[in-house]
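Take a look at the letters that make up each chain.
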Amino acid sequence: MTGGGDNCCGGNCCRNAGALRIEAVNPHPVMETLNGIQYCVNSPPPWLEAFVLGFQHYLLTLGMIVLVCSIIVPQMGGSHLEKVMLIQNMLFAAGLNTLVQSWFGTRLPTVIGASYSFVVPCTTIVLASRYYSDYLMLPHERFKKTMQGIQGALMISSVFQLALGCFGFWRNIVRFLSPLSMVPLVTFTGLGLTHLGFPNLAECVEVGLPQLIMMLIFSHYIPHFMKPTRPIFDRFALLFSTAIVGIYAQILTSSGVYNHKPPQTQLSCCSESAPLISAAPWLYLPRPFQWGRPTFNVGEAFVMMAAALVALTESTGTFLAVARYGSATPVPPSVLGRSAAWLGFGTLLNGMLGSVSGAVASVENAGLLGLTKVGSRRVIQISAAFMIFFSIFAKIGAIFASVPLPVIAASYCIFFGYVSSAGLSFLQFCNINSFRTIFILGFTFFMAISVPQYFLIYQIKSDSSPLHTDHRWFNDMVATIFLSSTLVAALVGLLLDNTVERGIEMTKKDNGAHWWERFILFTKDIRNAEFYSLPCKLNQFFPPL
């Protein structure tokens, strides 16, 4: 007789004859498209509802643009007028880019807005020594010259994105994706932006926390207890909560609560719209090169190209999430390549008009699709019309731009979470009981958190990149790449999935490649034509591969 317990490997344990019979539990079925989406890509809601939903998307897009401008413009020496002009330029470009992407790009309900990944290259240009000569000590002149440098770098980086899209490089790269490598890519498209969520909310917790609580109540608790006949509270939770907390923030500001607080607290908490409204013109039409001829610098261009690569990776993860929340089939690689080319066009437009960010698919707006369960293309096109309208009628747009940033950051906590969950949903196509899957997922997730954390901590402690070459632009280029959790997750996951135990037939089933093969070619699934075909029969002239 041997000592110790029974051998239970593989679950084949001996059981007593009198043991209770356990009822078998069937796993949830695999679903290529999500159920519960009321309006998918091609099914628009009623016009009134579509307009209100479009306005919600406009507010969310405006929040990220204001955040990026609030970080960069003061460093450039810009005043309230320059800040307003930059916001209007970026809104106008976002509206045009969103329309173009919905017509000729992926054709998914995706907003094309601003990205935080461009903050590092813009800061590199702002801190360049040539902008601090005696002649340029005047803030207005320094803003003008740095704006010319940023425009030039953006225009060169757009050529990089256009080349990746037009010559098929990006299409061929994403063909190596499988559901297993999509999991970290899409998940960290949302999780990689955690620094924009609660840390910004906590800048004014008495305003940001009520917004987060109100959104949770409106979106998930009131519909459960009241059971309305139509989805109103959850669908318009962003508008309801922002209106209530916005009034509350205005009352705090008007009552003088922050009069004797530190400047940073006033900046974060005050709902003071007077400076922006007074600086904004009634009518404003963005025009190319209004700050002069762009200037070009090779080093700055390389840093901006690194940010363009990060934006392209984030956009790919966002497109995959939007396809889930739009109840569409997974985006074919040829469509992702097509979208990369149009993102390059968008970055070129941003550079010509004057912007501090390239074109990127908006992660927060993708999360809003999940909350509202409305993945309609028409809603996003209406939001683009709002962007263009309020970029021209600047006085009205400045009112909405005065919403405190912690209010917007509170909504990010929910919307970024929705995008992360879309990434986790790809696990249903993988064998999560495989040790290969377990290793790749665990190691990729850890590295996607650990590597950017190292670069961030080093930068905070020493105010420089971990690299110590004589060329600041090279140090910042590497830092831009490895500060992005999304890009690190994509690189590590793609590398491991295509090298570890490659060539084994079981691997294709473990990582879900056998499922993804149906979508690698546009024509392999007839449903792709319903969602991704170009309008006006343009597919005859530009056939997808």
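Use the structure listed above.
Read on for a plain summary of the structure. (Residues numbered from 1 in each chain as written. Predicted model: local features only at pLDDT ≥ 70, side-chain atom pairs only at ≥ 80, totals over all residues. Heavy atoms only, no water.)

Moving on, we come to the overall build of the chain. Helix and strand counts for the chain come out as 23 helices and two strands. At 24 Å, the chain has a C-alpha radius of gyration in line with the 24 Å of a compact globule built from 545 residues. Of all 545 residues assigned to the chain, the portion counted as buried reaches 56%. The contacts in the chain between residues at least 6 apart in sequence include a share of 85% that link residues at least 24 apart. Accessible area for the chain stands at about 24,200 Å²; split by element, carbon and sulfur atoms hold 67% of it. (Helix = DSSP H or I, 4+ residues; strand = E, 2+ residues; numbered from the N terminus. Rg over C-alpha atoms; globule rule 2.2 N^0.38 Å. Buried < 20%, exposed > 50% of the residue type's maximum accessible area, 1.4 Å probe, protein only. Contact = heavy atoms within 4.5 Å. Areas by Shrake-Rupley, 256 points an atom, 1.4 Å probe, with all protein chains shown as cover.)

It is worth spelling out a nonpolar patch on the surface at this point. A surface patch of nonpolar side chains, amounting to about 860 Å² of accessible area, comprises F198, V205, L209, I213, L216, I217, Y221, F225 and M226. Looking at which element gives the most residues to the nonpolar patch, the answer is helix α8 (residues 205-226), with eight residues. Relative to the assigned elements, L216 resides in helix α8. You can call L216 partly exposed: its relative accessible area is 35%. (Patch = residues over 30% accessible without salt bridge, like charges linked within 9 Å, V, L, I, M, F, W, Y side chains within 5 Å. Salt bridge = Lys/Arg side-chain N within 4 Å of Asp/Glu carboxyl O.)

In most cases, non-glycine residues show a negative phi, while peptide bonds are predominantly trans. Of note, R107 is a non-glycine position whose phi angle comes to about 70°, a positive value. Structurally, R107 can be placed in the loop between α2 (80-104) and β1 (112-113). Look at S327: it is not a glycine, yet its phi comes out positive at around 55°. The buried category is assigned to S327, whose relative accessible area is 16%.

Time to look at the packing of helix α1 (residues 47-76) against helix α9 (residues 237-254). Running from N to C, α1 and α9 point in directions that differ by 60°, and their axes come no closer than 9 Å. If you check the angle between α1 and α9, you find them oblique. Crossing hand, α1 versus α9: left-handed. Between α1 and α9, the contacting residues are V52, F55, Q56, L59 and L60 on the first element and A237, L238 and L239 on the second. (Axes fitted to C-alpha atoms, helices over the stretch in contact; angles between N-to-C directions. Parallel < 35°, antiparallel > 145°, perpendicular 65-115°, else oblique. Left-handed = near helix turned anticlockwise from the far one by under 90°.)

Applying the stated criterion across every chain, the model contains four salt bridges. Here R436 makes a salt bridge to D497, at a shortest N to O gap of 3.2 Å. Residue R436 is found in helix α18 (residues 435-462), and its partner D497 is found in helix α20 (residues 485-497); the two are separated by 61 residues along the sequence. Its relative accessible area of 4% is what places R436 among the buried residues. Salt bridges linked by common partners bring E49, R230 and R235 together as one network.

For the rest of this paragraph, the subject is the environment of V100. Inspection of the secondary structure puts V100 in helix α2. We classify V100 as buried; its relative accessible area is 15%. Here the alpha-carbon distance between V100 and T253, two residues 153 residues apart in the chain, equals 40 Å. Filtering out sequence-adjacent residues up to four positions away, V100 remains in contact with G105, W342 and F345.

Before going further, it helps to examine the packing of aromatic side chains. According to the stated counting rule, one finds 33 aromatic pairs in the structure shown. Look at Y325 and Y418: their rings are 6.2 Å apart centre to centre, the planes differ by 75°, and that puts the pair in the edge-to-face class. Of this pair, Y325 sits in helix α12 (residues 298-325) while Y418 sits in helix α17 (residues 405-424); the two residues are 93 residues apart in sequence, bridging distant segments of the chain. Of the two residues, Y325 and Y418, both sit in the buried class. Clustering of aromatic rings is evident, with ring pairs tying together W47, F51, F55, Y58, F386, F389, F390 and F393. Here the guanidinium or amino end of R324 rests over the ring plane of F426, the centre of that ring lying 5.9 Å away. We note R378 situated over the ring of W47; from NZ or CZ to the ring centre the distance is 4.2 Å. (Phe/Tyr/Trp six-rings, centres within 6.5 Å; stacked < 30°, edge-to-face > 60°. Lys NZ or Arg CZ within 6 Å of the ring centre and 35° of its normal.)

In this structure, Y58, L108, I150, V331, V356 and Y532 are the most contacted members of the largest nonpolar core, which totals 130 residues. Element by element, the count of residues in this core is highest for α1, at 16 residues. Residues contacting V356, with those up to four places away along its chain left out, are V68, C69, I72, M76, L86, M90, F118, C122 and I150. Core analysis: the second largest hydrophobic core is formed by nine residues, V207, V245, L252 and V407 among them. (Core = buried A, V, L, I, M, F, W, Y, C linked by side-chain atoms within 4.5 Å.)

Moving on, we come to the packing of helix α4 (residues 139-166) against helix α13 (residues 333-353). Running from amino to carboxyl end, α4 crosses α13 at an angle of 165°, the nearest separation of the two axes being 7 Å. Put simply, α4 runs roughly antiparallel to α13. The handedness of the crossing between α4 and α13 comes out as left-handed. Along its contact with α4, which presents Q151, L154, M155, S157, S158, Q161, L162, G165 and C166, the element α13 presents G337, A340, A341, L343, G344, F345, T347, L348, G351, M352 and L353. For the contact of α4 with α13, a count of residues per class yields 11 nonpolar, nine polar and no charged. (Nonpolar A, V, L, I, M, F, W, Y, C, P; charged D, E, K, R; others polar.)

Within the fold, T329 resides in the loop between α12 and α13. Leave out the neighbours within four places in its chain, and T329 touches T33, A323, F519, R527, N528, F531 and Y532.

Bringing helix α22 (residues 513-520) into the picture now. Residues lying three or four places apart along an α-helix face the same way, a consequence of the helix completing one turn every 3.6 residues. Looking only at α22, the buried set comprises A513, W515, W516, F519 and I520. Buried residues in α22, looked at end-on, bunch into an arc of 150°, giving them a common side. On its buried face, α22 sits against α5 (169-174), α6 (179-191), α13, α21 (505-510) and α23 (527-532). (Arc of directions from axis to C-beta.)

For the rest of this paragraph, the subject is the environment of G77. Residue placement: G77 occurs in the loop between α1 and α2. Distance in space between the C-alpha atoms of G77 and T146 is 9.2 Å, their sequence separation being 69 residues. Excluding residues that lie within four positions of it along the chain, G77 makes contacts with P139, H140, R142 and F143.

For the rest of this paragraph, the subject is the environment of K144. Counting through the fold element by element, K144 comes out in helix α4. A residue is classified by how much of its surface remains accessible, and K144, at 30% relative accessible area, is partly exposed. Taking the C-alpha atoms as reference points, K144 and N26, separated by 118 residues in sequence, lie 64 Å from one another.

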